[in-house]
Each structure stands twice: as C-alpha cells, then as structure tokens.
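Listed below, chain by chain, are the residues.
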Amino acid sequence: MSLNELIQQLKNNNREYDLDLIKKAYFFAEQKHKGQKRQSGEDYLVHCVQTAYILIQLRMDSVSIAAGLLHDTIDDTNATEEEISKLFSPEIAFLVQSASKLGKLKYRGIERQVENLRKMFLAMAKDIRVVIIKLADRMHNMRTLSALPENKQKRIALETLDIYAPLANRLGISEICGELEDLAFPYIYPKEYRWLLKNMQERYIARQAYLEKVKPIISAELKKDSIVTIEISSRAKRYYSLYKKLLRHDNNFEKIYDLVALRVIVNNIQDCYAVLGAIHNLWKPLIGRIKDYIAIPKPNGYRSIHTTVFCIDGKITEFQIRTEQMHREAEYGIASHWSYKKNSNISSFKKTYQKELAWVNQLKDWQKEFEHNDPAEFLEMLKIDFFQDRIFVYTPLGEVINLPEGSTPLDFAYAIHTEIGHRAVGAKVDNKISSFDKELKNGQMVEILTCKNNKKPNKNWLSVVKTSSARQKIRNGLRE
Ligand code: MN
C-alpha cells in the first residue's frame, strides 16, 4: 500500500486528520527502515503501513496513526525516543517507546515475554492508545505469520490467543478479538480447525439460505408496525468462538442456535424493544434465551438485545437487535469512542471513560503486586484474574462487582475489601445461605456475613478462592 492509498483511506473515513503529521511519519519510517526486509521478503515499511491502516479502519486519531507508522523505528532502526520527541511530539515518542520491546539482552524466554507485558500494562494505564497500536501490530503479524519458522509461529499464536485476543475483548474491540482468535486457531489446534471447517461449511450455507427466507417476513412485519430499519443482515459466528461453544455442547452443532444469526439495526432504543415485540409476535421465544444487554450491558460494555425463537418451519433462530451506535461500539469498543470527538486528547478521554478504563488501572496495580512471582506463575494468574471471561455480581445495595468466571463468594468478599474477606463467616447468594466454595453465576446478588472478632483468614481458603488477588490477601493475612 502506497502513501497515496493510505491517504485515500483516510479520506474515505470522512473525518478530520492531521495529514501533514501522517505524511511526515510515513517518510520518517520509509527513510529509517530503508533496505530492511521482513521474513516474507517484503519491504519492512509494508508492515508499518499495514499497522497504520488497521488503526485507520478502527477510526483512531492522527496521533495513533503516526505512532503506528513509527512503531518499530526504535526497536529496529537507529531512531531514538529523543529524536522522535523532537521531530514529532513527546506524546508520539511515548507511544512509540511504549510499543517497543525491552532491550534484547536483558531477559530471555518467558521472562522476557512477561517483562514486555509488564511494560505494556504500565504504559497503557497512562495512554490506552498504546495497547490499540500493539493490537494493530499484532494483527498484521498474525496475518503474515505463515512466513515465520514453525516454532515461532506456535509461540506467537499462543501469546495472541492467551493475551492479545482477551485484551481486545476486554476493551470491547470484538472485530480485533475475533480476527486474532481465528488467525491463531489453525496454528494452535490444527486438527480441530480442519474438523470444524469440514463440518460447518454445509450447515453454514444451508443456514444462510434459510435466513434469506426469514428476512422478508420480519422486514414486512416491521414495516407494518412502522418501525424504520437501517439494516437487516445475517452474521456468521466466527470459527474459534464457534469451536469454544461446541466444546461446551458436546460438539453438537444442533445445539448452536447462533451459527448464523439475524441482526436488526434500528434508529433508537425504543425501536429495539419494538422490534423484539414484533419478533415475539411472529414467533414464540425460547424461555430463558431473551438477553437484554441494553438494560444490563456485558462487562466489556457490549449492548444489544438477543432473542432466540422458533422461526419458520420451527427452526430455532437467534436475532440480535441494536442501534447503529451500539453496533459500532460492539465492533470497535473503546476505539469507537474516538470517532465522536474531534479534538479529543488523552487526558479528557481518560476522564470521560474512567469507568470503562477502571480495570486497566487495576491491571497496573495488580502486576506491581505480583512483580516477584515466577514468570510462568505470573502468566497463569494473569490469565485467570484478567483474561478469563467475566461475570457481574451484585452487592445487596446493587453495586456491580466484576469478577472472573468461576469466582466464589470469598473472591467477591476480598474484591470488595480485604477486611470483609478476613472477617467473613458466611455468605448468602440470592438470599440463600451458600458455602464459600460455590461458584458464582452472572447476575447473582451476594451478601457476605462478617464477624468483628474474626480477624484472620482461614488457611483452607487458599484452595477455595479462584483469583490470585484474593489468594495473595489471604496469604498476607495469615502472615500477620
Ligand atoms: Mn511491528
């Protein structure tokens, strides 16, 4: 992709950009990477431009795009942070420096991987754009992974599946999460990937054809109710997400109702509920399958209404109903918020999206706390405490606590406050007495019964809790 094509892409986005800045970054990267080739034989610059291109597709700002073009100049050329700071700005220099790896000699193997992650976690708490640039970089590296030797492919694909895809997911950037997972999938589970492909193709085509018959019916019904629709389209489930779902359902395709789902996009929230009513008026819904993520968004901010109905010929079919804005947010998550503000700078952005970014600060504090842990253990804990799927549970006062799936009432107690944990003598889940080791489910209300005289945790709790932060607090409490 040439500079002209890149600029054309910017114009297609139809928003204001600092073209001079982006051009300057392009020429700087071109000059610095001159003569360098990637393993595929392509000019190194292609990678920089493709990274920037992904950031443009995410509708990120000019600063991010420039930093995307420059992201490998400190690592792979003689450029320095000072030089970039002077030529561009301290802000861009920070982003490029943060996207760079640690000095090559300092660490090796898994220790090096962990130290690089720590560096990224610290930097993204300052400026979340760091991780979005890293995700764009990773995306292009994954798209071109076949050029690398086999042992490297495996390692990079695994890190993508373990860390980068879940990071994208927690930021609500489902487009990136989904593509990263699907790119890594064949490298990590080649046999399963081939099996899935073989078994889904026909079903997928049949499903698509069936939904083409459903579309005009729902469209006519909505017209009758004078609901304006922006789009009715079908969307296929991504491969890796389908694979994970099949694992939970005995590999039985018949139990997957959203292999291909119908998506209805309308103008406003009232219309979303009106569409839900119209669908239920046509077809009976399955009990327990109506999910209102508009009233109660998913922990990563996802909003939409899902319902599953016995559709024509009694075939079980899922519908997803949302507004255009919800749709953009569902695909681009935190990145979508940049699109609305013309001159947003990072500190005003952080203020506006404090709530959405709270976990990024928790991650920063968390990694400090476990600084001295063995790197392999650190990675395992990170996967559970931050990258496991999340659930929402409530305090009796209706406060929402966000925990990893599989958490227990004790994890909940320690997540609220260390003292609540230490003093716990019992727990109620949805008003019923529960044992400490009972796995919590999304949407439950949890109450911790405490006793003032109880000041020390119980040693056995170490094996009850699921999160490492709770475990650490218990260990500290036992030591005191
Ligand atoms: Mn790179």
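See the structure printed just above.
This report concerns the structure included in the present document. This one's a predicted model, so the numbers in the text were calculated from it and none came from an experiment.

Observations concerning helix α7 (residues 90-99)
Think of an α-helix as 3.6 residues a turn; residues three or four steps apart then line up on the same face.
No. 1: Residues of α7 that are buried include every one of Ile92, Ala93, Leu95, Val96, Ser98 and Ala99, and no others.
No. 2: Looking at the buried side of α7, the elements it contacts are α2 (19-32), α4 (62-70), α5 (73-76), α6 (81-87), α8 (109-126) and α9 (129-143).

So, the sheet that holds strand β10 (residues 446-450)
No. 1: Pairing is antiparallel across the open sheet formed by three strands, whose spatial order is β9-β8-β10. Each having just a single partner strand, β9 (432-434) and β10 make up the two edges of the open sheet. Ignoring which end each strand starts from, the neighbouring axes of this sheet average 35° apart.
No. 2: As defined by bridge partners, strand β8 (residues 424-429) adjoins β9 across three bridges and the pair is classed as antiparallel. Counted as the bridge partner of lysine 428 is isoleucine 433 from β9.
No. 3: Those strands touched by helix α19 (residues 409-416) are β8, β9 and β10, and its axis lies near 80° from that of β10.

Some details on the nonpolar core
No. 1: With 122 residues, the main nonpolar core has Ile132, Phe319 and Leu382 as its most contacted residues.
No. 2: No other element matches the nine residues that helix α3 (residues 44-57) contributes to this core.
No. 3: With near-sequence residues (within four places) excluded, isoleucine 132 lies in contact with Leu55, Leu58, Met60, Ile173, Ile334, Ala335 and Trp338.
No. 4: With 19 residues, the next largest nonpolar core counts Val393, Ala413, Val446 and Ala470 among its residues.

Topic: the packing of helix α12 (residues 190-224) against helix α13 (residues 239-248)
No. 1: In the contact formed by α12 and α13, the axes pass within 11 Å of each other and the chain directions differ by 95°. Overall, the two elements α12 and α13 adopt an arrangement that is roughly perpendicular. For the pair α12 and α13, contact is made by Glu192, Tyr193, Trp195, Leu196, Leu197 and Met200 and by Tyr239, Leu242, Tyr243 and Leu246, respectively.
No. 2: For the contact of α12 with α13, the per-class residue count stands at nine nonpolar, no polar and one charged.

Side note on the side chain of serine 98
No. 1: Within the element layout of this structure, serine 98 appears in helix α7.
No. 2: Taking the relative accessible area as the measure of exposure, serine 98 reaches 5% and is therefore buried.
No. 3: Among residues more than four places away in sequence, those in contact with serine 98 are Lys119, Ala123 and Val130.

How each quantity is defined
Residues numbered from 1 in each chain as written. Predicted model: local features only at pLDDT ≥ 70, side-chain atom pairs only at ≥ 80, totals over all residues. Heavy atoms only, no water. Buried < 20%, exposed > 50% of the residue type's maximum accessible area, 1.4 Å probe, protein only. Helix = DSSP H or I, 4+ residues; strand = E, 2+ residues; numbered from the N terminus. Contact = heavy atoms within 4.5 Å. Pairing = 2+ DSSP bridges. Axes fitted to C-alpha atoms, helices over the stretch in contact; angles between N-to-C directions. Core = buried A, V, L, I, M, F, W, Y, C linked by side-chain atoms within 4.5 Å. Parallel < 35°, antiparallel > 145°, perpendicular 65-115°, else oblique. Nonpolar A, V, L, I, M, F, W, Y, C, P; charged D, E, K, R; others polar.

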